[in-house]
Amino acid sequence: MNFFKSALCLSAAVAFSATANADLKVATIDGLKLFNDYYKTHELKAELEVKQKNIIETDNIRSESIKERVNEYNALTKQLAEPVLSDKDRKDIAQKVEIKKQELIALEQQRRGHRERQVKALQEQTNLRRIEIIKEITRVTEEEAKKGSYDIVIDKSARTLDSRPIVPYTKPSFDITPTVLKELNKNAPKDFDPNKKDGATPKLNK
């Protein structure tokens, strides 16, 4: 995820060109590392996993209920195939089969709709939280840039559309990522470890 968009990086390049004879104090950050190692990002991932599991569990309960109805439908269909049935009984069972069929269609549509709404809502909530996290990272970066009297801060993790680095090389001494990250995580829980691997995120298949 790039916090300083390609356009911003290009603007920085233009600024470099336009002020080639001026003394610029430049800093770089690794926006991707800041996002991934920020404790609030880890909290968001943990919350996301719990909510995804809840969606899956709820959907599984609905699916099991539908399976029971399918068994009832199959049993009626089997009865309908019995050759000894009277015309009246055959007609009655055929009506029940059709009713069960329509019930199954409605239940499956409800299940899919409910799941899709939950997934969409979760995605929207997650996107909003990510935007807030990016805003916080940008704010802290700006504060640290002002403290250091930097003229320009460039995200060295920014990539072009074909995944090439926008900034191929910067001096390591320009990097203020550790300083920004330290400030971001100053209120992190005591047991927070940015290097701890998160569990696999459940897949939300339709």
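All figures in this text were calculated on a predicted structure; none of them were measured in a lab.

Student: What is the right way to read the overall build of the protein from this model?
Tutor: Scanning the protein from N- to C-terminus turns up five helices and two strands. Of the regular secondary structure in the protein, the N- to C-terminal order runs α-β-α-α-α-β-α. A buried classification covers 29% of the 206 residues belonging to the protein. Excluding contacts between residues fewer than 6 apart, the proportion of contacts in the protein whose partners are at least 24 apart in sequence is 85%. Only carbon and sulfur atoms are counted for the fraction: they give 53% of the accessible area of the protein, which is about 14,000 Å².

Student: Is there a simple way to explain the pairing of strand β2 (residues 152–155) in this structure?
Tutor: Within a regular strand, side chains alternate between the sheet's two faces. Where burial is concerned, the two faces of β2 agree: the one with Ile152 and Ile154 and the one with Val153 and Asp155 are both buried. Where strand β1 (residues 26–29) and β2 come together, four bridges link them in parallel fashion. Bridging across to β2, valine 26 finds its partner in isoleucine 152.

Student: Is there a simple way to explain helix α3 (residues 39–80) in this structure?
Tutor: One full turn of an α-helix is made of 3.6 residues, so residues set three or four places apart face in the same direction. The terminal C-alpha atoms of α3, which comprises 42 residues, lie 61 Å apart, in line with the 62 Å expected from a rise of 1.5 Å per residue. Along α3, the positions that sit buried rather than exposed are Tyr39, Thr41, His42, Leu44, Leu48, Glu49, Gln52, Ile55, Asp59, Ser63, Ile66 and Leu76. Tucked inside the fold, the buried residues of α3 contact α2 (31–37), α4 (87–147) and α5 (177–184).

Student: Any chance you could explain the packing of aromatic side chains here in plain terms?
Tutor: If you walk through the whole model with that rule in mind, you get two aromatic pairs. Taken together, Tyr38, Tyr39 and Phe192 form an aromatic cluster joined through their ring pairs.

Student: How do you make sense of the nonpolar core when you look at a structure like this?
Tutor: One broad rule of soluble globular proteins: the nonpolar side chains tend to lie buried together. Counting 18 residues, the largest nonpolar core has Ile29, Leu34, Tyr38, Ile133, Ile137, Val180 and Leu184 as its most contacted members. Broken down by secondary-structure element, the contributors of at least two residues to this core are β1, α2, α3, α4 and α5. A total of four residues in this core trace back to one element, the largest contributor, which is α4. The contact partners of tyrosine 38, leaving out residues within four places of it in the chain, are Ile133, Glu136, Ile137, Leu181, Leu184, Asn185 and Phe192.

Student: Before we go on, may I ask you to explain the confidence of the model for the protein in this structure?
Tutor: Predicted coordinates in regions of low pLDDT should not be interpreted in detail. Predicted confidence across the protein gives a mean pLDDT of 87, with 84% of residues reaching 70 or more. Taking the mean pLDDT of every element in the protein, the minimum, 45, falls on helix α1 (residues 6–18) and the maximum, 97, on α5.

The rules we used
- Residues numbered from 1 in each chain as written.
- Predicted model: local features only at pLDDT ≥ 70, side-chain atom pairs only at ≥ 80, totals over all residues.
- Heavy atoms only, no water.
- Helix = DSSP H or I, 4+ residues; strand = E, 2+ residues; numbered from the N terminus.
- Buried < 20%, exposed > 50% of the residue type's maximum accessible area, 1.4 Å probe, protein only.
- Contact = heavy atoms within 4.5 Å.
- Areas by Shrake-Rupley, 256 points an atom, 1.4 Å probe, with all protein chains shown as cover.
- Pairing = 2+ DSSP bridges.
- Expected span 1.5 Å × (residues − 1).
- Phe/Tyr/Trp six-rings, centres within 6.5 Å; stacked < 30°, edge-to-face > 60°.
- Core = buried A, V, L, I, M, F, W, Y, C linked by side-chain atoms within 4.5 Å.
- pLDDT = per-residue confidence, 0-100.

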